[in-house]
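# An overview of the molecular structure
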Amino acid sequence: GTGKSSKSGSGTGKSSKGSKSGSGTGKSSKGSKSGSGTGKSSKGSKGSKGSKGSKGSKGGGPTAMPSPSPTAMPTPAPTPETTGPPVPSPSLAPTIPCNLDPVDRRQMILEVLTVDNDVTPADEIEDNGSSANLAFEWLVDEDALYLCPDDPKLIQRYVVAKLYYQTGGDNWDECRAHENGLVPSCNTAAIYAGENWLDSSNECDWAFITCDDDLCITRIEVDENNVSGTLIDEIDWLEFLQVYTMDGGNNELTGTIPTQFGNLPELIILDLDSNQLTGTIPEEIFETATGLQQLDLDSNNLTGTISTLLGTLTSLNFLQLHVNELTGTFPNEELLNLPLLTVISLSDLELTGTVSSELCERRDTVGGIITNLWADCATSAAVPVAQVPCPAGCCNTCEF
C-alpha cells in the first residue's frame, strides 16, 4: 500500500500504486525416499546326504570304510582398503543481509525514496536533523527489521517513521519509541493497542495503526497524545488510508493541512479538531475524497471559504467546522445535497446569510435526520441582529 500508479520503482504497494506484501518463499518439495533397499538374502543350498556304507559279508567283521582326509579350503589373503586423504566438508559462505554491502543498501534505499518514487526530495533527507533525515537514518541504521531496498513495504515504513518524527513522537504521552533500552508506557484503549512506535515489529503491529489483510495501513488514530509539529506531505503514499485522526485537547499540530490528503480516494474520516492548524481547507479533499463520511476540523485557525464542492460529498454524515475564521455565506444549497448529514456545526465562524427553512425541515424534531444544527444565530442587547439568523426552533445551538 505504498506506491503510486504514476510513480514506478521498488517498494511500492498494491493496486494502482504497486503491489503490496513481501515476497514469500514457496514450500520446498519433499525429497523422495532414497537408499537402495537390498532384497532378501538367498538361502544356502542343502548339503547332499552321505551315501550309506555297504553291508559286510556274512561271518566277517565289519569292514571300515577309509575316511578321506579333510581338504582345507585356501584362505584368501585380506585385501587392504585404500584410504585417501580426508575430504573436508564444504564450508558455507557468510550470509550478507539483502545480499548487499551496507553502503550499497543505504544508497539503494535512498534512490527508492528520492529517484525511483519521489517520495521525499533528496535535500530533505540529507538535511541533518529533519524529520525526513531522522526517519531515513532510523530505517537504514537502527531498524532491527532491516528491510531490503526491494521490499514492497519499505515506503510505508519510512512514511510512518517520518510521521512519528515530524509530529514530535519522542514527546508523545503514550507509545513513543524505546529510549536507551527502556520501553515507555503504551497504555491505550483496546482498539488502539499495539507495540511502541519504531518497534522492530511490523508497523501494522504498532499502537494507533490498523492494517488490512495485505498489511496496508488503513487507519492512523493518534488522539489526545501530546502530538505537535506538522502534518506530513507524504501521507498519500498510504493510498489505502481510510481514517486519519489527530485530535484532542493536548494535541497542538501547527501549519497547514497538506493538499495530499486529497489524493486519498478511500478516505472516510478526517478528524483534526482542537489543534492550531492554519490556512484553508484543501480543495483537493472535496475533489477526490468523495467517499468522505466525517469531516471534523473545528477549533483551529482555518481561513478561507467553504468549498462549493461540499455538496458533492454525498456520503458525508458529520460536519464540524466551528471555531475557525472561515468566511463566506452559510452553505444551505450544498448542505441540502447531503442526504445522510446528521450533524452540522457551523458556529463561531465569520459566515453571513441565513439558515434556510428547507434545511430546517430536515431537523429530527420534525421527522428529519439532522440531530445537531449549530449556527451564529444568537442575539443579545449588544447584538440585536443575528449574524446568521435561524428560523425559530430550528437551530439547537446558537452562538454569536
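Structure first, text after, so check above.
Summarised in this report is the structure supplied together with it.

Now for unusual backbone geometry. We note that D118 has phi near 55°; this positive angle belongs to a residue other than glycine. Within the fold, D118 resides in the loop between helix 1 (102-116) and helix 2 (122-125). Exposure remark for D118: the relative accessible area of 46% places this residue in the partly exposed category.

All chains considered together, the criterion is met by nine aromatic pairs. With centroids separated by 5.2 Å and ring planes inclined at 70°, the aromatic side chains of Y164 and W172 adopt a geometry described as edge-to-face. Centroid distance Y244 to F261: 5.2 Å. Interplanar angle 70°. Geometry classified as edge-to-face. With Y244 in strand 3 (residues 243-245) and F261 in the loop between strand 3 and strand 4 (269-271), this residue pair connects regions lying 17 residues apart in the sequence. Classification of F261 by relative accessible area gives buried; the value is 1%. A network of ring pairs unites the aromatic residues W138, Y164, Y165, W172, Y192, W197, W206 and F208 as a single cluster. Above the ring of Y146, the side-chain terminus of R105 is found at 3.6 Å from the ring centroid.

It is worth spelling out the pattern of salt bridges at this point. If you walk through the whole model with that rule in mind, you get eight salt bridges. Here R106 and E137 are joined by a salt bridge, their closest N and O atoms 2.6 Å apart. Residue R106 is located in helix 1, and its partner E137 is located in helix 3 (residues 131-142); the two are separated by 31 residues in the primary sequence. We classify R106 as partly exposed; its relative accessible area is 28%. Owing to a relative accessible area of 21%, E137 belongs among the partly exposed residues under this scheme. Here R157 makes a salt bridge to D143, at a shortest N to O gap of 2.6 Å. Of this pair, R157 sits in helix 4 (residues 154-166) while D143 sits in the loop between helix 3 and helix 4, and the two are 14 residues apart along the sequence. Taken together, the salt bridges that share partners define one network made up of R106, E137 and D141.

Another point: the state of the cysteines. One pass over the full model with this rule turns up six disulfides. Here C204 connects covalently by a disulfide to C211, the sulfurs 2.1 Å from one another. One disulfide, between C204 and C211, carries an S-S torsion of -90° and so falls in the left-handed class. Under the relative-accessibility criterion, C204 is labelled buried at 13%. Here the bonded cysteines of the protein chain are numbered in sequence order, and their pairing is 1-2, 3-4, 5-6, 7-10, 8-12, 9-11. Cysteine C216 is unpaired, with the sulfur of C211 as its nearest cysteine sulfur at 7.6 Å. The exposure class assigned to C216 is buried, which follows from its relative accessible area of 0%.

The rules behind each value
- Residues numbered from 1 in each chain as written.
- Predicted model: local features only at pLDDT ≥ 70, side-chain atom pairs only at ≥ 80, totals over all residues.
- Heavy atoms only, no water.
- Helix = DSSP H or I, 4+ residues; strand = E, 2+ residues; numbered from the N terminus.
- Buried < 20%, exposed > 50% of the residue type's maximum accessible area, 1.4 Å probe, protein only.
- Phe/Tyr/Trp six-rings, centres within 6.5 Å; stacked < 30°, edge-to-face > 60°.
- Lys NZ or Arg CZ within 6 Å of the ring centre and 35° of its normal.
- Salt bridge = Lys/Arg side-chain N within 4 Å of Asp/Glu carboxyl O.
- Disulfide = S-S within 2.5 Å.

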